Amino acid sequence: MTKVSGGYCTHTCTLDTDCCAVDGECTSGHPQVCSPFESTTDMYCLLSCDDAQVADAGLADSNAYCGTYAHANFKCRSSGGGSKNRKVCMPE
């Protein structure tokens, strides 16, 4: 994965419920999802930027959502991974 100045920590997972399961892990209150990363079979907890999450945050733009709640250099994009593809915040 890409290293991000100022940090962005993730870990492997099997299910969405594995993400934010530890107290203090997800301090923003915005949901993370368990998603493949590009063409690997590895699954990681990543900040979701699907339309519902963006709307719940009162924003109309998914890239602004990622820039606000993940990192200034993150954009909303497809995680890749074929049928398990999700919309997640990732570095540009």
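Quick look at the structure, then. (Residues numbered from 1 in each chain as written. Predicted model: local features only at pLDDT ≥ 70, side-chain atom pairs only at ≥ 80, totals over all residues. Heavy atoms only, no water.)

Attention now goes to unusual backbone geometry. Backbone geometry at cysteine 20 places phi at a positive 60°, although glycine is not the residue there. Turning to its location among the elements, cysteine 20 is positioned in the segment before β1 (32-36). (Helix = DSSP H or I, 4+ residues; strand = E, 2+ residues; numbered from the N terminus.)

Moving on to the packing of aromatic side chains. Where two aromatic rings form a pair, the distance of their centres and the angle of their planes describe that pair. Under the counting rule described, the total for this entry stands at one aromatic pair. Taking 5.1 Å as the distance between ring centres and 55° as the angle between the ring planes, the aromatic pair formed by tyrosine 65 and tyrosine 69 counts as tilted. Pair noted here: tyrosine 65 and tyrosine 69 are both in helix α2 (residues 62-69), with a separation of four residues, about one helical turn. Accessibility expressed as a relative area gives 0% for tyrosine 65, which makes it buried. (Phe/Tyr/Trp six-rings, centres within 6.5 Å; stacked < 30°, edge-to-face > 60°. Buried < 20%, exposed > 50% of the residue type's maximum accessible area, 1.4 Å probe, protein only.)

Looking at where glutamine 53 falls in the secondary structure, it is placed in helix α1 (residues 51-56). Not counting residues within four places of it along the chain, the set of residues in contact with glutamine 53 comprises Pro31, Ser48 and Tyr65. (Contact = heavy atoms within 4.5 Å.)

In this structure the tally under the stated criterion is two salt bridges. With a closest N to O distance of 3.1 Å, aspartate 16 and arginine 86 form a salt bridge. Taken together, the positions of aspartate 16 in the segment before β1 and arginine 86 in the loop between β3 (74-78) and β4 (87-91) put the pair 70 residues apart, joining distant regions of the chain. What makes aspartate 16 partly exposed here is its relative accessible area of 33%. Among the residues examined, arginine 86 registers a relative accessible area of 27% and is labelled partly exposed. (Salt bridge = Lys/Arg side-chain N within 4 Å of Asp/Glu carboxyl O.)

Our focus in this paragraph is the state of the cysteines. Using the criterion set out here, one finds four disulfides in the structure. Between the sulfur of cysteine 19 and that of cysteine 45 lies a disulfide, 2.1 Å long from S to S. Taking the sign of the torsion about the S-S bond as the criterion, the disulfide between cysteine 19 and cysteine 45, at about -90°, is left-handed. With cysteine 19 in the segment before β1 and cysteine 45 in strand β2 (residues 43-47), this pair connects stretches of sequence that are 26 residues apart. Overall, the relative accessible area of 7% leaves cysteine 19 in the buried class. Take cysteine 45: its relative accessible area is 0%, and that puts it in the buried class. (Disulfide = S-S within 2.5 Å.)

Leu47, Cys49, Val54, Tyr65, Cys66, Ala70, Phe74, Cys76 and Cys89 together form the largest nonpolar core, which totals nine residues. Among the secondary structure elements, those contributing two or more residues to this core are α2 and β3. Ignoring sequence-local partners within four residues, the contact set of cysteine 49 consists of Val54, Ser62, Tyr65, Cys66, Cys76, Arg77, Lys87, Val88 and Cys89. Within the second largest apolar cluster, six residues are counted, among which are Phe37, Tyr44, Leu46 and Val88. (Core = buried A, V, L, I, M, F, W, Y, C linked by side-chain atoms within 4.5 Å.)

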